[in-house]
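Chain by chain, the residues run as shown.
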Amino acid sequence: MNRVKTRNLLILVHLFLASFLAPSFLMVGVTGALDLAGVEPSIEDVDIILPPDTRLDPESPTLQQDIEAILAARDIHLDIESVRSRDGRMTTRPTSRTFARINQTPDGLQASLHKPGLQYALMELHKGHGPAIFKTYQIIAGIVLFLVIIGGLIVGFMARPYRRKTLGALGLGTGAFLLLGFIL
């Protein structure tokens, strides 16, 4: 395959992969910018009334099933993939969908149901707190992004009219990254 055909194939692959990843990286860019700008996402919190004798061991190997049973007794059915437990605070995952929090207090258990708005749900996906299948997608997307960037640089360096421009943009971007991230 000659240079022109190779470059054209790389451009086609680069465009396809970049277009495929566009929704994911638009989400990351928008949610990251909104978070850095201090725009608060919305979430609806609803208290769950538990019987006073309800007990829960945050260290139990059956914690997820125990929480599912407590919630089912209140007619609450969530798709729980895992439970994050720290210092008596338990949160069901994924948190990009309706989820529950149960806190151990000296007075007993306090429980609440949380229904995220769109921005909150997208931010939870961004943080890796979404469904397990989406986390796998994010890992693949990260690998593909690496390939898209390397492929774009290769295409830029393969075309003589774009070599200086590619090198200049790469140098400028690297300089800004280093300067703003580590020096200033």
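For the structure, see preceding data.
Residues numbered from 1 in each chain as written. Predicted model: local features only at pLDDT ≥ 70, side-chain atom pairs only at ≥ 80, totals over all residues. Heavy atoms only, no water.

A.B. asks: Help me understand the pattern of salt bridges in this model?
C.D. replies: Two side chains of opposite charge can pair, provided their charged atoms sit close to one another. Tallying each qualifying case throughout the model produces 2 salt bridges. Between Asp79 and Arg97 there is a salt bridge, with the nearest N and O atoms lying 3.5 Å from each other. A residue pair is termed long-range when its members are at least 10 positions apart, and Asp79 in the loop between helix H2 (63–73) and strand S2 (82–86) and Arg97 in the loop between strand S3 (89–93) and strand S4 (99–105) qualify at 18 residues. Overall, Arg97 belongs to the partly exposed group, its relative accessible area being 40%. (Salt bridge = Lys/Arg side-chain N within 4 Å of Asp/Glu carboxyl O. Helix = DSSP H or I, 4+ residues; strand = E, 2+ residues; numbered from the N terminus. Buried < 20%, exposed > 50% of the residue type's maximum accessible area, 1.4 Å probe, protein only.)

A.B. asks: How should the nonpolar core be read in this particular structure?
C.D. replies: Within soluble globular proteins, side chains that are nonpolar tend to cluster in buried spots. If you look at the biggest cluster of nonpolar residues, it comprises 15 residues, and the most contacted ones within it are Ile48, Leu50, Leu56, Ile67, Leu71, Met90 and Ile102. For this core, the secondary-structure elements that each account for two or more residues are H2, S4 and strand S5 (108–116). Take this core: its biggest share by element is 4 residues, from H2. Discounting residues that sit within four places of it in the chain, Met90 has contacts with Leu56, Pro58, Leu63, Ile67, Val83, Arg84, Ser85, Ala100, Arg101, Ile102, Asn103 and Gln104. (Core = buried A, V, L, I, M, F, W, Y, C linked by side-chain atoms within 4.5 Å. Contact = heavy atoms within 4.5 Å.)

A.B. asks: Would you take a moment to explain the packing of helix H1 (residues 3–36) against helix H4 (residues 132–158) for this structure?
C.D. replies: Two quantities define a packed helix pair, namely the angle between the helix axes and the distance between the axes. The N-to-C vectors of H1 and H4 enclose an angle of 145°; their axes lie 8 Å apart at closest approach. Remark: the crossing between H1 and H4 carries left-handed chirality. For the contact of H1 with H4, the per-class residue count stands at 17 nonpolar, 5 polar and 2 charged. (Axes fitted to C-alpha atoms, helices over the stretch in contact; angles between N-to-C directions. Left-handed = near helix turned anticlockwise from the far one by under 90°. Nonpolar A, V, L, I, M, F, W, Y, C, P; charged D, E, K, R; others polar.)

A.B. asks: What exactly am I supposed to notice about the sheet that holds S4 here?
C.D. replies: Paired through backbone hydrogen bonds, the strands of a sheet run either parallel or antiparallel to each other. Strand order in the open sheet formed by 5 strands is S1-S5-S4-S3-S2, with antiparallel pairing between adjacent strands. With one partner strand each, in any of the chains shown, strand S1 (43–48) and S2 form the two edges of the open sheet. The sheet shows a mean angle of 20° between the axes of neighbouring strands, direction not considered. Examined bridge by bridge, S3 and S4 share 3 bridges and lie antiparallel to one another. By the bridge assignment for S4, Arg89 is matched with Asn103. Of the strands in this sheet, S1, S2, S3 and S4 touch H2, which is tilted by about 100° from S2. Sitting on the sheet, helix H3 (residues 118–127) is in contact with S1, S4 and S5, with an inclination near 105° to S5. (Pairing = 2+ DSSP bridges.)

A.B. asks: I'm lost on the packing of aromatic side chains in this one. Help?
C.D. replies: What describes a pair of aromatic rings is the distance from one ring centre to the other and the angle between the planes of the rings. Per the stated rule, a full pass over the model turns up 3 aromatic pairs. Ring geometry for Phe134 and Tyr137: centres 5.3 Å apart, planes at 45°, overall tilted. Linking Phe134 with Tyr137, this pair stays in helix H4, spanning 3 residues, or about one helical turn. When the centroid spacing of 5.8 Å and the interplanar angle of 70° are considered together, the rings of Phe177 and Phe182 count as edge-to-face. Note on Phe177: relative accessible area 55%, which makes it exposed. (Phe/Tyr/Trp six-rings, centres within 6.5 Å; stacked < 30°, edge-to-face > 60°.)

A.B. asks: It is not clear to me how H2 should be interpreted in this structure. Could you clarify?
C.D. replies: Residues lying three or four places apart along an α-helix face the same way, a consequence of the helix completing one turn every 3.6 residues. Within H2, burial applies to Leu63, Ile67, Ile70 and Leu71. Down the axis of H2, the buried set is contained in an arc of 95°. They therefore lie on one face. In this structure, the buried residues of H2 make contact with S1, S2, S3 and S4. At the C-terminal side of H2, Asp75 shows a positive phi close to 65°. (Arc of directions from axis to C-beta.)

A.B. asks: Quick question: what am I supposed to make of the pairing of S4 here?
C.D. replies: For a regular strand, side chains alternate in direction, first toward one face of the sheet and then toward the other. Hairpin connection between S3 and S4: a loop of 5 residues separates the two successive antiparallel strands. Looking at chain direction, S4 and S5 are connected through 7 bridges and run antiparallel. Each bridged residue has a counterpart across the sheet, and for Ile102 the counterpart in S5 is Ala111. Taken together, S4 and the strand that follows it, S5, pair antiparallel across an intervening segment of 2 residues.

That is the geometry; function is a separate question.
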